[in-house]
There are 2 protein chains.
Amino acid sequence: MAAKEVLKFIDEKKFHEARAILEEMNPVDIASVFEELDGSETIKLFRILPKETAAEAFAYMAPEVQQNVIAALTDKELKVVLDTLFMDDTIDMIEEMPANVVKRVLQVSDGETRSTINMLLRYEEDSAGSIMTTEFVDLKKDMTVKEAFEHIRATGVDKETIYTCYVMDQNRVLEGVVTAKDLLLSDYGKHIGDIMEDHVIFARTSDDQEQIAELFRKYDLLSLPVVDNEQRLVGIITIDDAVDVIQEENTEDFEKMAAMSPSEDTYLKTPAYVHAKKRIGWLLILMVSATLTGGIISHYEEAFNAIPLLVSFIPMLMDTGGNCGSQSATLIIRGMALGEIRLRDFFRVVFKEFKVSLLVGAALAVLNIVWIFIRYHSFPIALTVGISLFCTVCISKAIGCMLPMAAKKVKLDPAIMASPLITTIVDACSIFVFFNVALALLKI
Amino acid sequence: MAAKEVLKFIDEKKFHEARAILEEMNPVDIASVFEELDGSETIKLFRILPKETAAEAFAYMAPEVQQNVIAALTDKELKVVLDTLFMDDTIDMIEEMPANVVKRVLQVSDGETRSTINMLLRYEEDSAGSIMTTEFVDLKKDMTVKEAFEHIRATGVDKETIYTCYVMDQNRVLEGVVTAKDLLLSDYGKHIGDIMEDHVIFARTSDDQEQIAELFRKYDLLSLPVVDNEQRLVGIITIDDAVDVIQEENTEDFEKMAAMSPSEDTYLKTPAYVHAKKRIGWLLILMVSATLTGGIISHYEEAFNAIPLLVSFIPMLMDTGGNCGSQSATLIIRGMALGEIRLRDFFRVVFKEFKVSLLVGAALAVLNIVWIFIRYHSFPIALTVGISLFCTVCISKAIGCMLPMAAKKVKLDPAIMASPLITTIVDACSIFVFFNVALALLKI
């Protein structure tokens, strides 16, 4: 609602009224107002915002909008924005900008910022180094609580978080952490060295962001220090970025499990040809594999020439097999992603899936036997379908649970062993079983 | 490593050495040591831990382990644990315990705790009320920063977070929030009313936890106040619980998208018959639907009696259709879950999927035509498969993107419109198209 009013006021050039509403709004919501504007309005709106708010909202804007804003800002204005941005947001922005914009951003930054940016840009994509920020509160062991408070008061406004403070020695080696809670609840005279926690959970710059997210989730962290090869503290990662990583990793798994290459951008922003490129690879592989299943069918031409009804059970067998396999695969892939299932649980998992197969397979088989017998009055055909279905369920659940674990064992991403690939493998198995049972039972 | 050493010392009854290692460990890791022990060892280990650590570790234990511990504790020991637990962890625990354990927990609690527990247990499952905690820092508008600090020092140790403090009037109506950062960076003499933020993002007790998680993600929150119908502040939700909700909701989507009812427990802890029950419902529905596809095939018996080779293309057409449909469905379902795709984007999405279909469909069709012509030297058959495949890709992508959005429109969960259901629908369409194209082109 508020956003619409702002847009109306801007349309009517009532900037004063627009500003009054914007001042009451959250920077995240202000950023989404920007998304609705065109180029020239963008900069007008940006300029009527208080500087601080403008810079905060900037961090939440989509890259295209950021680029519009940067293009319209004077160097002086740009410098103010850059000074207010946290380093991790600056890096996120720079990674999305074309070279000429990056050059301008580096030009208006001061020497120290420029070298920090250059250092952070060197870390590999999706590594801890690439998502960390360099603005943290650093304390020394021999400071008192009172001195720590003074230090925070003097420098805290520019820090991404002041709730976890990091204690380093003179070589910047990480020695411990103190939370703001510890500080607030301790006597002013105490020394940091005495109240700090010296068993610190930390990450290395090269660690994968997926592991980082897992640490946040497991230990309920608010921030995580990142150290280099010499144990020197070089940055921190905060929970808001970890939450983004969690969602990113989940999206990647969803995409891989539906046989697509993961994409960097949102659905609507990705052009159709990029979508097509990300999807066609797996479609091709799976299509060729499905052709093999077709080949198996051709092999049994005599059987379905003798009893054409057999062909009509193929979709039911294939689909049920595929569904059973993808149920198992999904549970195992998700369980491993959440750390609930480990490789050493292999036999427990296989045994459990076997028991589930027996229950599910038997129920579905009996239902089919009864139904087919009533419909077609042929017990041998009913039995053929029933037995084939039972075997299909058992095979597909076995493949569905074993393949993702096997993938993990050989250090592949288990998520690629999901529904589509398993469906294709299970299809071939179910057709093979079906026609062989048919040949044996129906004496074709 | 440390965990193994502890277990070894416990085995050897060297409790002193075990304690020394445990004292250096994180409560989360201590909790996982407990998972490896049997009943009698559990309580021995629990008793050698410092009280505070023991209670902290307790919050991270699996329900079975918690139950073991509670059974072995004296009433006095149990009271200490309960007093140290935060209210949301207490509620999580109580919800998993059998009635007799709950009764004992309520008996040893004091009157106020008991009535808070009873209030929290009344909120619906997965609502904001059911995941919130009641331990927050409450301030008044007319307090000075100095008084606020004194208040935090006096009461903060028992609060789940002291980093966001909540300002209420005399009727407990929420008026604003002040962060610890604001307090630390403000002059001691300032009044809370002057530094507080009065545009507060809040939730209602009945809000769904999925919306809550979305608020945390969107606004980068560390905690969120929860108010009742009279705008009175009744609790807060902290980011660590929101992270758990995010993972829970993602798991639920993964399960629904693989045609399973979501489960509450982890894979290994769920018994086989429960697994079977959660999977068989959808399998049955999908099996019956697939039988319809079989019926369509029967209808064209003459066609494949004339040209048996046609049957061998069925798996390839069905699988490719299913894969295309589930790619589209997954992207749309995920996009909607993350708020990147809204219902008003319907036509943009359909148009984009149409463009993708043209690209992907044409590429796959041409490949098939060439390959089938080379393999079987029949251009009419090659063309039949090619045209059918092209139509299948277009139909499946259209269904794959429209069904999830339609589900959302009628307030169903889009995740149920995923791969398995779409595969089944697409199967029927692709078989229908295939045989009709065959009849028309091959003059059977």
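Parameters at a glance
- Residues numbered from 1 in each chain as written.
- Chains lettered and ligands numbered in written order.
- Predicted model: local features only at pLDDT ≥ 70, side-chain atom pairs only at ≥ 80, totals over all residues.
- Heavy atoms only, no water.
- Helix = DSSP H or I, 4+ residues; strand = E, 2+ residues; numbered from the N terminus.
- Rg over C-alpha atoms; globule rule 2.2 N^0.38 Å.
- Buried < 20%, exposed > 50% of the residue type's maximum accessible area, 1.4 Å probe, protein only.
- Contact = heavy atoms within 4.5 Å.
- Areas by Shrake-Rupley, 256 points an atom, 1.4 Å probe, with all protein chains shown as cover.
- Pairing = 2+ DSSP bridges.
- Axes fitted to C-alpha atoms, helices over the stretch in contact; angles between N-to-C directions.
- Salt bridge = Lys/Arg side-chain N within 4 Å of Asp/Glu carboxyl O.
- Polar contact = N/O pair within 3.5 Å; in protein donor to acceptor, adjacent residues only side chain to side chain.
- Least-squares fit on C-alpha atoms with pLDDT ≥ 70 in both.
- Buried area = accessible area lost by both parts, 1.4 Å probe.
- Nonpolar A, V, L, I, M, F, W, Y, C, P; charged D, E, K, R; others polar.
- 1 Å grid on protein atoms, 1.4 Å probe; cavity = no way out; pocket = protein on both sides within 12 Å on 5 of 7 lines; lining within 4 Å.
- Points joined across faces, edges and corners; volume = space filled by probe spheres on them.
- Phe/Tyr/Trp six-rings, centres within 6.5 Å; stacked < 30°, edge-to-face > 60°.
- pLDDT = per-residue confidence, 0-100.
- Core = buried A, V, L, I, M, F, W, Y, C linked by side-chain atoms within 4.5 Å.
- Parallel < 35°, antiparallel > 145°, perpendicular 65-115°, else oblique.
- Left-handed = near helix turned anticlockwise from the far one by under 90°.
- Expected span 1.5 Å × (residues − 1).

> How do you make sense of the overall build of chain A when you look at a structure like this?
Across its full length, chain A holds 22 helices and 6 strands. The C-alpha radius of gyration computed for chain A amounts to 30 Å, which surpasses the reference 22 Å derived for 444 residues by more than 25%, pointing to a less compact arrangement than a globule. Taking the principal axes of its C-alpha atoms as reference, chain A extends roughly 90 × 60 × 35 Å. Counting every position in chain A, which comprises 444 residues, the buried fraction comes to 54%. For chain A, the proportion of contacts with a sequence separation of at least 24, taken over those separated by at least 6, is 66%. Surface accessibility of chain A: about 19300 Å² in total, with carbon and sulfur atoms responsible for 56%.

> Any chance you could explain the sheet that holds strand β2 (residues 161–168) of chain A here in plain terms?
The strands that make up a sheet pair up through hydrogen bonds in the backbone, lying either parallel or antiparallel. Residues and elements named next belong to chain A. An order of β1-β2-β3 is seen for the 3 strands of this open sheet, with the pairing classed as mixed. At either end of the open sheet lies a strand with only one pairing partner, and these are β1 (136–139) and β3 (174–179). Geometrically, the sheet is characterised by an average inter-axis angle of 35° between neighbouring strands, direction not taken into account. Pairing between β1 and β2: 3 bridges, direction parallel. The residue of β2 that forms the bridge with D138 is Y166. Taken strand by strand, helix α12 (residues 145–155) contacts β1 and β2, and its axis lies near 150° from that of β1.

> I tried to follow the pattern of salt bridges on my own but got confused; where do I start?
One side chain can pair with another of opposite charge once the charged atoms of both are near each other. Applying the stated rule across the entire model yields 34 salt bridges over all chains. K14 of chain B is the salt-bridge partner of E12 of chain B, the closest N and O atoms lying 3.4 Å from each other. Its relative accessible area of 37% is what places K14 of chain B among the partly exposed residues. D83 of chain B is paired through a salt bridge with K79 of chain B; the nearest N and O atoms lie 3.2 Å apart. Of this pair, D83 of chain B and K79 of chain B both sit in helix α7 (residues 75–84), 4 residues apart, which is roughly one turn of the helix. Overall, the relative accessible area of 30% leaves K79 of chain B in the partly exposed class. In this structure, a network of salt bridges that share partners links the residues D228, E230 and R232 of chain A.

> Looking at this model, I keep getting lost on the environment of E135 of chain A. Mind explaining?
All names here are of chain A. Relative to the helices and strands, E135 resides in the loop between α11 (128–131) and β1. Taking the relative accessible area as the measure of exposure, E135 reaches 14% and is therefore buried. Those residues in contact with E135 that sit more than four places away from it in its chain are L85, F86, M87, D158, K159, E160, T161 and I236. For E135, the side chain forms a polar contact with the side chain of T133, separated by 2.5 Å.

> Where do I start with the relation of the copies chain A and chain B in this structure?
The transform that puts chain A on chain B rotates by 180° and translates by 0.0 Å along the axis, for an RMSD of 0.1 Å. On the angle and the small slide along the axis, the relation comes out as a two-fold axis.

> It is not clear to me how the interface of chain A and chain B should be interpreted in this structure. Could you clarify?
On the chain B side, the residues contacting the 109 residues of chain A number 109 residues. Its largest share of buried area at the contact with chain B, chain A owes to F254, Y267 and L268 of chain A, together 8% of the area lost on that side. There are 4 salt bridges connecting chain A and chain B. A salt bridge links K218 of chain A to D29 of chain B, with the shortest nitrogen-to-oxygen separation between them at 3.7 Å. Along the contact surface separating chain A from chain B lie 36 residue pairs in polar contact (both at pLDDT 80 or more). Among the elements that take part in the side of chain A that touches chain B, helix α17 (residues 272–299) of chain A stands out by supplying 16 residues, more than any other. Across the side of chain A that touches chain B, the residue classes break down as 58 nonpolar, 26 polar and 25 charged.

> Explain empty space enclosed by the protein to me, please; I cannot follow it from the model alone.
The method is simple in principle: a probe with the dimensions of a water molecule rolls over the atoms, and the space it marks as empty is what remains. Tallied over the entire structure, the rule returns 9 cavities of 30 Å³ or more. The space that makes up the largest cavity amounts to roughly 340 Å³. Lining the largest cavity are 25 residues, and of these S326 and S419 of chain A together with S326, S419 and P420 of chain B lie nearest its centre. Breaking the lining of the largest cavity down by element, the ones donating at least two residues are α16 (239–257), α19 (314–337) and α22 (419–442) of chain A together with α16 (239–257), α19 (314–337) and α22 (419–442) of chain B. Looking at the lining of the largest cavity residue by residue, the class counts come to 10 nonpolar, 12 polar and 3 charged.

> Explain the packing of aromatic side chains to me, please; I cannot follow it from the model alone.
Pairs of aromatic rings are described using the distance from one ring centre to the other and the angle between the two planes. All names here are of chain B. Summed over all chains, the structure comprises 25 aromatic pairs over all chains. The interplanar angle of 90° and the centroid separation of 5.2 Å between the aromatic rings of F346 and F347 together place this pair among those described as edge-to-face. Its relative accessible area of 24% is what places F346 among the partly exposed residues. Among the residues examined, F347 registers a relative accessible area of 66% and is labelled exposed.

> Explain the confidence of the model for chain A to me, please; I cannot follow it from the model alone.
Parts of the model with low pLDDT should not have their predicted coordinates read in detail. Looking at chain A, pLDDT values average 89 and 100% of them are 70 or higher. For this predicted complex, the interface score ipTM comes out at 0.82, alongside a pTM of 0.83.

> Sorry if this is basic, but what is going on with the nonpolar core here?
Within soluble globular proteins, side chains that are nonpolar tend to cluster in buried spots. Within the largest apolar cluster, 123 residues are counted, with the highest numbers of intra-cluster contacts made by F46 of chain A together with F46 of chain B. Judged by nonpolar contacts, the second largest core, of 68 residues, contains A290 and I369 of chain A together with I297 and V393 of chain B.

> Which parts of the structure should I look at to understand the packing of helix α8 (residues 87–96) of chain B against helix α10 (residues 111–121) of chain B?
Residues and elements named next belong to chain B. Where α8 contacts α10, the two axes come as close as 10 Å, and the packing angle between them is 65°. Of the possible angle classes, the one that applies to α8 and α10 is roughly perpendicular. You can see that α8 and α10 cross each other, and the crossing is right-handed. Contacts between α8 and α10 pair M87, T90, I91, I94 and E95 from the former with T113, T116, I117, L120 and L121 from the latter. Grouping the amino acids of the contact of α8 with α10 by side-chain chemistry returns 6 nonpolar, 3 polar and 1 charged.

> What exactly am I supposed to notice about the environment of L358 of chain A here?
The residue L358 of chain A is located in helix α20 (residues 346–376) in this model. Between the C-alpha atoms of L358 of chain A and C391 of chain A, which are 33 residues apart in sequence, the distance is 9.4 Å.

> How should the pairing of strand β5 (residues 223–227) of chain A be read in this particular structure?
A regular strand carries its side chains on alternate faces of the sheet. Residues and elements named next belong to chain A. For β5, a buried count of 5 out of 5 residues is recorded, marking the element as mostly surrounded by other parts of the structure. Every second residue of β5 is oriented toward a common face, with S223, P225 and V227 on one face and L224 and V226 on the other, all of them buried. Taken together, the 5 bridges between β5 and strand β6 (residues 233–238) define a ladder with antiparallel strand orientation. The partner of P225 across the bridge, within β6, is I236. With antiparallel pairing between neighbouring strands as the criterion, β5 and β6 make up a hairpin whose turn holds 5 residues, including Q231 at a positive phi of roughly 65°.

> Help me understand the sheet that holds strand β5 (residues 223–227) of chain B in this model?
All names here are of chain B. Overall, mixed pairing links the 3 strands, which are arranged β4-β5-β6 in an open sheet. Sheet topology places β4 (203–204) and β6 (233–238) at the edges, where each strand pairs with a single neighbour. Across the sheet, helix α15 (residues 209–219) lies against β4, β5 and β6, angled at about 140° from β5, the strand it touches most.

> Is there a simple way to think about helix α21 (residues 379–409) of chain B in this case?
Residues spaced three or four apart along an α-helix point in a common direction, a consequence of the helix completing one turn every 3.6 residues. All names here are of chain B. For α21, with 31 residues, the first-to-last C-alpha span of 45 Å sits near the 45 Å given by 1.5 Å per residue. Residue S378 occupies the N-cap position of α21, its side-chain oxygen lying 3.2 Å from the main-chain nitrogen of I381. With its phi angle positive at about 65°, K411 sits one or two positions after the end of α21.

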